[in-house]
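Spelled out, the chains give:
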Amino acid sequence: MQPTDDYRPAPTPWTVYLGFVLLVLAVVGIVVFATSPAPYVIERPGPVFNTLGQVENSHGDEVELIDIPHETTYPTSGTLDMLTVYLDGSPQTPISWIDVALAWFNPSRSIVALDAVFPPGQTDDEANQESAQQMDSSQQDAVAAALTELGIPYTSTLAVAEVITGTPADGVLQAGDELLSAGGIRLDNVEQLRAKLAASGVGVPIELGIRRAGVEQTVTLSPEPSPQDGSATIGIYPGATYEFPIDVNIQLNNVGGPSAGTMFALGIYDKLTPGELAGGEKIAGTGTIDGSGTVGAIGGIVQKMYGARDDGADWFLAPESNCSEVVGHIPDGIRVFSISTLDEAIKSVEAIANGDTSSLATCQAEPAQG
């Protein structure tokens, strides 16, 4: 007898068919899952704008991003760049799980829960309106901060810019109401209002002194937790109404949010003061600002550092309150300094221009807890 291979029975047709069906179902399942809506949005670097330079207006003409007519302005050099962040995804246009997977492996991308960016029930149009309002307020706050730094007097009033439907303020406050006091303490700016709400706490009634149509009155509200971070909020977009002695026009289309305030203020200050503040250096930065010059935290700090680096910036000014997000995420090729006021930002730019940054503050890792 001749030797033979081990005998293996041929697969029967039904097992082949079953295997093929299972394979197809598995592939279809993976595709359906990968392309199904994910409850996240993705932040990525957006365009960079030099506050000392020019931009294209809605008519296609090149104009100064910061225009200060009727006033003596001075030559500038270098750049004071503001950064933006693109947001992929929204309640109406969700991203897929495959988008999330791809972003996971890209250090310049950040994956954020959808509800953290878009409160439940908020539409794209409402989000855009909110963002535009924040940009407008940040521009006015930047002018106020620059004039404060220059010692140029102006008048200001804290007011309600918009009331959010379904919040404690709905039906109690109105757009245009002037905010005079909170808990019996006079209010001069938005930061004081936020601090007073935080001190009062969620669910604890607080009295607000307001002026509506010239008549002063008192209303009582109970703050609720913010859907973004749980902080005490009453459901308004506050903003200061200013009367400035000079005209400052910030011309920037299709960009929203409050995070460019600090760089706007630096650009205004540079144009209104002799000498070239940046000294030819390419400096980028970010941060909200109020009329007193206090720099506040922003979102998308990592994406903005990558955007600055990719645009050729050597230096980056980051809000001190964002330092915990900065540490360990600084892209190669850029140095980051922390600031908490406009005065610190100005001194940082001056130090960079002079080539001596040894005294500037940097973001440090939090000490280990024992």
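Presented here is an overview of the structure given in this document.

Thresholds, definitions, all that
- Residues numbered from 1 in each chain as written.
- Predicted model: local features only at pLDDT ≥ 70, side-chain atom pairs only at ≥ 80, totals over all residues.
- Heavy atoms only, no water.
- Helix = DSSP H or I, 4+ residues; strand = E, 2+ residues; numbered from the N terminus.
- Buried < 20%, exposed > 50% of the residue type's maximum accessible area, 1.4 Å probe, protein only.
- Phe/Tyr/Trp six-rings, centres within 6.5 Å; stacked < 30°, edge-to-face > 60°.
- Pairing = 2+ DSSP bridges.
- Disulfide = S-S within 2.5 Å.
- Expected span 1.5 Å × (residues − 1).
- Axes fitted to C-alpha atoms, helices over the stretch in contact; angles between N-to-C directions.
- Left-handed = near helix turned anticlockwise from the far one by under 90°.
- Contact = heavy atoms within 4.5 Å.
- Core = buried A, V, L, I, M, F, W, Y, C linked by side-chain atoms within 4.5 Å.
- Polar contact = N/O pair within 3.5 Å; in protein donor to acceptor, adjacent residues only side chain to side chain.
- Salt bridge = Lys/Arg side-chain N within 4 Å of Asp/Glu carboxyl O.

**Some details on unusual backbone geometry**
Point 1. The backbone of Ala213 sits at a positive phi, close to 55°, despite the residue not being glycine.
Point 2. Tracing the backbone through its elements, the reader meets Ala213 in the loop between β10 (206-212) and β11 (215-221).
Point 3. A residue is classified by how much of its surface remains accessible, and Ala213, at 81% relative accessible area, is exposed.
Point 4. Unlike most non-glycine residues, Asn254 shows phi in positive territory, near 60°.
Point 5. For Asn254, a relative accessible area of 84% gives the class exposed.

**Describing the packing of aromatic side chains**
Point 1. Enumeration over the complete set of coordinates arrives at four aromatic pairs.
Point 2. The interplanar angle of 70° and the centroid separation of 5.8 Å between the aromatic rings of Tyr154 and Tyr242 together place this pair among those described as edge-to-face. Residue Tyr154 is found in the loop between α4 (124-150) and β7 (155-163), and its partner Tyr242 is found in strand β14 (residues 236-243); the two are separated by 88 residues along the sequence.
Point 3. Tyr242 gets classed as buried once you look at its relative accessible area, which sits at 14%.
Point 4. The structure contains a cluster of three or more aromatic residues connected by ring pairs, namely Tyr154, Tyr242 and Phe244.

**A look at the pairing of strand β1 (residues 40-50)**
Point 1. Of the strand pairs in this sheet, β1 and strand β6 (residues 110-113) are connected by four bridges, and their pairing is antiparallel. If you follow Ile42 over to β6, its bridge partner there is Ile111.
Point 2. Relative to strand β5 (residues 79-88), β1 is paired through seven bridges, and the arrangement is antiparallel. Looking at the pairing, Phe49 lines up with Met82 of β5.

**A closer look at the state of the cysteines**
Simply put, disulfide is the name for a covalent bond between the sulfur atoms of two cysteines.
Point 1. Under the criterion given, the structure shown has one disulfide.
Point 2. Across the disulfide from Cys323 sits Cys363; the S-S distance is 2.0 Å. Every disulfide takes its handedness from the sign of the S-S torsion; for Cys323 and Cys363 that torsion is -65°, giving left-handed. On the criterion of sequence distance, the pair formed by Cys323 in helix α8 (residues 323-326) and Cys363 in the segment after α9 (342-354) is long-range, its members being 40 residues apart.
Point 3. Residue class for Cys363 comes out buried when judged on its relative accessible area of 15%.

**Considerations on helix α6 (residues 261-272)**
Point 1. With 12 residues, α6 extends 17 Å between its outermost C-alpha atoms, agreeing within 8% with the 16 Å of an ideal straight helix rising 1.5 Å per residue.
Point 2. Burial of α6 is extensive: 12 of the 12 residues sit out of reach of the surface.
Point 3. Of all the residues in α6, the buried ones are Gly261, Thr262, Met263, Phe264, Ala265, Leu266, Gly267, Ile268, Tyr269, Asp270, Lys271 and Leu272.

**A closer look at the packing of α6 against α9**
Point 1. Their axes nearest at 10 Å, the elements α6 and α9 cross at an angle of 65°. As for how α6 packs across α9, the hand of that crossing is right-handed. Two secondary-structure elements touch here, α6 through Thr262, Ala265, Leu266 and Tyr269 and α9 through Leu342, Ala345, Ile346 and Val349.

**Some remarks on the nonpolar core**
Point 1. The biggest cluster of nonpolar side chains holds 44 residues, and the ones touching the most others in it are Leu252, Phe264, Leu266 and Ile268.
Point 2. Contributions of two or more residues to this core are made by β5, α4, α6, β19 (315-319), β20 (335-339) and α9.
Point 3. Among the elements that line this core, the one with the most residues is α6, at seven residues.
Point 4. Other than its neighbours up to four places away in sequence, Ile268 contacts Ile66, Ile68, Ala142, Val143, Ala146, Val248 and Ile250.
Point 5. Membership of the second largest hydrophobic core comes to 19 residues, among which are Val160, Leu173, Leu179 and Leu193.

**Details of the environment of Asp99**
Point 1. For Asp99, the position within the fold is in helix α2 (residues 97-104).
Point 2. Residue Asp99 is classed as partly exposed on the basis of its relative accessible area, which comes to 33%.
Point 3. Measuring from C-alpha to C-alpha, the distance between Asp99 and Ala38 comes to 8.7 Å, with 61 residues separating the pair along the chain.
Point 4. In this structure the side chain of Asp99 is engaged in a polar contact, spanning 3.0 Å, whose partner is the backbone nitrogen of Ser96.

**Here's the deal with the pairing of β5**
Point 1. As judged from the four bridges shared by β5 and strand β16 (residues 282-285), these two strands associate in the parallel manner. When the sheet's bridge partners are listed, Thr79 is paired in β16 with Lys282.

**Comments concerning the pattern of salt bridges**
Point 1. This structure, assessed with the given rule, holds nine salt bridges.
Point 2. Ionic pairing is found between Asp88 and Arg44, a salt bridge with its closest N-O pair at 2.7 Å. Residue Asp88 is located in strand β5, and its partner Arg44 is located in strand β1; the two are separated by 44 residues in the primary sequence.
Point 3. Judged by relative accessible area, Asp88 falls into the partly exposed class, the value being 25%.
Point 4. Here Arg44 falls in the partly exposed class, since its relative accessible area comes to 25%.

What is shown is where atoms sit, not what they do.
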